[in-house]
Amino acid sequence: MARRSDARRIGVLGGTFDPVHIGHLRGALEVAEYLQFDELRLIPSARPPHRDTPQVSAAQRLAMVELAVADVPPLRVDDRELKRERPSYTIDTLESLRGELAADDQVFLLLGWDAFCGLPSWHRWEELLQHCHMLVLQRPDADSEASEALRNLLAARSVNDPQAIVGVAGQISFIWQTPLAVSATQIRQRLAEGRSVRYLVPDSVLAYIHAHGLYRAPN
Ligand code: ATP
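Residues numbered from 1 in each chain as written. Predicted model: local features only at pLDDT ≥ 70, side-chain atom pairs only at ≥ 80, totals over all residues. Heavy atoms only, no water.

1. Comments concerning helix H6 (residues 148-157)
- Considered for burial, the residues of H6 that qualify are Leu150, Leu153 and Leu154. Angularly, the buried residues of H6 cover 100° about the axis, an arc narrow enough to put them on a single face. The outward face of H6, more than 90 degrees from its buried face, is lined by the exposed residues Glu148, Ala155 and Ala156.
- The inward-facing, buried residues of H6 contact helix H5 (113-117) and strand E6 (172-175). (Buried < 20%, exposed > 50% of the residue type's maximum accessible area, 1.4 Å probe, protein only. Helix = DSSP H or I, 4+ residues; strand = E, 2+ residues; numbered from the N terminus. Arc of directions from axis to C-beta. Contact = heavy atoms within 4.5 Å.)

2. Quick notes on unusual backbone geometry
- Across the junction of aspartate 18 and proline 19, the peptide omega takes the value 5°, indicating a cis bond.
- With respect to the helices and strands, proline 19 occurs in the loop between strand E1 (9-15) and helix H1 (22-34).
- For the bond from proline 73 to proline 74, the omega torsion is 10°, close enough to zero to count as cis.
- Unusually for a residue other than glycine, arginine 124 sits at a positive phi of about 50°.
- Take arginine 124: it is sitting in the loop between H5 and strand E5 (133-137).

3. Things to note about the sheet that holds strand E4 (residues 106-112)
- If you trace the six strands from one edge of the open sheet to the other, you get E3-E2-E1-E4-E5-E6, paired in parallel fashion. Each having just a single partner strand, strand E3 (75-77) and E6 make up the two edges of the open sheet. On average, adjacent strands in this sheet sit at an angle of 30° to one another, irrespective of strand direction.
- Pairing geometry for E4 and E5, over five bridges, is parallel. If you follow phenylalanine 108 over to E5, its bridge partner there is histidine 133.
- Of the strands in this sheet, E1, strand E2 (39-44) and E4 are in contact with helix H4 (residues 90-98), which crosses E4 at around 155°. (Pairing = 2+ DSSP bridges. Axes fitted to C-alpha atoms, helices over the stretch in contact; angles between N-to-C directions.)

4. A word on the environment of leucine 29
- Its location among the elements puts leucine 29 in helix H1.
- Excluding its chain neighbours within four sequence positions, the residues that come into contact with leucine 29 are Val72, Pro74 and Leu75.

5. Focus: the pairing of E4
- Across the seven residues of E4, seven count as buried, placing the element largely inside the fold.
- In terms of strand pairing, E1 meets E4 through four bridges, oriented parallel. Paired with isoleucine 10 across the two strands is valine 107, which belongs to E4.

6. Here's the deal with the packing of helix H2 (residues 58-69) against helix H8 (residues 203-211)
- Where H2 meets H8, the axes come as close as 8 Å, and the angle between the chain directions of the two elements is 150°. The orientation of H2 relative to H8 falls into the category roughly antiparallel. When you trace H2 past H8, the crossing you get is right-handed. Of the residues in H8, those touching H2 at Gln60, Ala63, Met64, Leu67 and Ala68 are Ser204, Val205, Tyr208 and Ile209. (Parallel < 35°, antiparallel > 145°, perpendicular 65-115°, else oblique. Left-handed = near helix turned anticlockwise from the far one by under 90°.)

7. Focus on the packing of aromatic side chains
- Within the structure shown, the criterion is met by four aromatic pairs.
- Feature note: the residues Trp113, Phe116 and Phe174 constitute an aromatic cluster, connected by ring pairs. (Phe/Tyr/Trp six-rings, centres within 6.5 Å; stacked < 30°, edge-to-face > 60°.)

8. Considerations on the site of the ligand
- Taken together, 21 residues lie around the ligand, and Asp114, Arg139, Leu180, Ala184 and Thr185 are the ones closest in.
- Contact distances for the ligand include 3.0 Å between an oxygen atom and a backbone N or O atom of glycine 112.
- The contact in question runs from an oxygen atom of the ligand to an N or O atom on the backbone of alanine 184, over 2.8 Å.
- Calculation on the ligand without its partners gives an accessible area of 600 Å², and the protein chains cover 87% of this total.
- Counting residues per element, the ones that place at least two in the shell around the ligand are E1, H1, E4, H5 and helix H7 (184-192).
- Tallied by class, residues from the shell around the ligand come to seven nonpolar, 11 polar and three charged. (Near = heavy atom within 4 Å. Polar contact = N/O pair within 3.5 Å; in protein donor to acceptor, adjacent residues only side chain to side chain. Areas by Shrake-Rupley, 256 points an atom, 1.4 Å probe, with all protein chains shown as cover. Nonpolar A, V, L, I, M, F, W, Y, C, P; charged D, E, K, R; others polar.)

By themselves these figures say nothing about function.
Below, the structure is given as C-alpha cells:
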C-alpha cells in the first residue's frame with residue numbers, strides 16, 4: 001500500500017493487561033503490520049485500588065507489558081494513564097495524545113469486540129470518534145452484542161476495508177486477525193490453580209510472573 005503523506009499512523013490499544021497475553025500481542029502486531037502503523041501504543045489503565053488483582057500492582061502490569069514489547073517495533077508502551085493520580089477515561093487519554101501529535105496524524109483505537117460492545121458505558125463515548133478511528137478485533141471467546149446505539153453508529157461510520165480509512169478520525173472498521181481465544185481471566189485462573197500458562201504469554205512475561213509469585217492462589 002502506498003503511503004500518501006508524511007502524516008503518521010498511530011495505533012492505540014488500552015487495557016488492564018492483567019497480564020498481557022498473546023491475544024493482545026498478536027492482534028496488535030498483525031494490525032500494525034497490515035495497516036503500516038508507525039507505532040502502536042499499548043496503554044495500561046490505572047484501576048481503583050479495590051479493583052486491582054490482589055498482589056499485582058499497576059507497576060507490575062506495566063513491567064510485564066514492557067517486557068512483552070521490548071524489541072518489537074512498532075509496538076511500544078505508553079504509561080500516561082498510570083502517571084495520573086486518578087484512573088483516566090479513554091477520552092482524556094486520546095485528548096492528551098492528540099495534544100502531542102501533528103494535526104494530520106491518524107489515530108486508530110483498537111478494541112476487541114467485547115470492549116466495543118461496552119462503549120456506551122464509557123465517559124463521553126460519543127466524542128471518541130472526533131479523535132480517532134476505531135478498529136474492532138474479533139474475539140472468538142466473546143458473546144457480547146452491540147446495542148442499538150452502537151448499531152446506529154456502525155451504520156453511519158463503518159468502512160468495509162480498513163485500508164480504505166481516510167482522514168485523521170471518525171471511521172470504524174472491523175479487522176481480521178488470527179483469532180485467539182485467550183483472556184487474562186483464563187490466565188489468572190490457570191495460575192491460581194497451579195497450572196501452566198506457557199505459550200499463552202511471552203516467555204519473558206512468564207519468567208516475571210514466576211519470579212514475583214504473581215496470580216498465585218492465596219494460601
Ligand atoms: P480480562 O479477562 O481480565 O477481562 P482481557 O483478556 O479481556 O482481560 P484486557 O486488558 O481487558 O484483556 O483487554 C484489552 C483490550 O484487548 C480490549 O479491547 C480487549 O477486547 C482486547 N483483547 C483482549 N484479549 C483479546 C483477544 N484474545 N483477541 C482480541 N482482542 C483481545
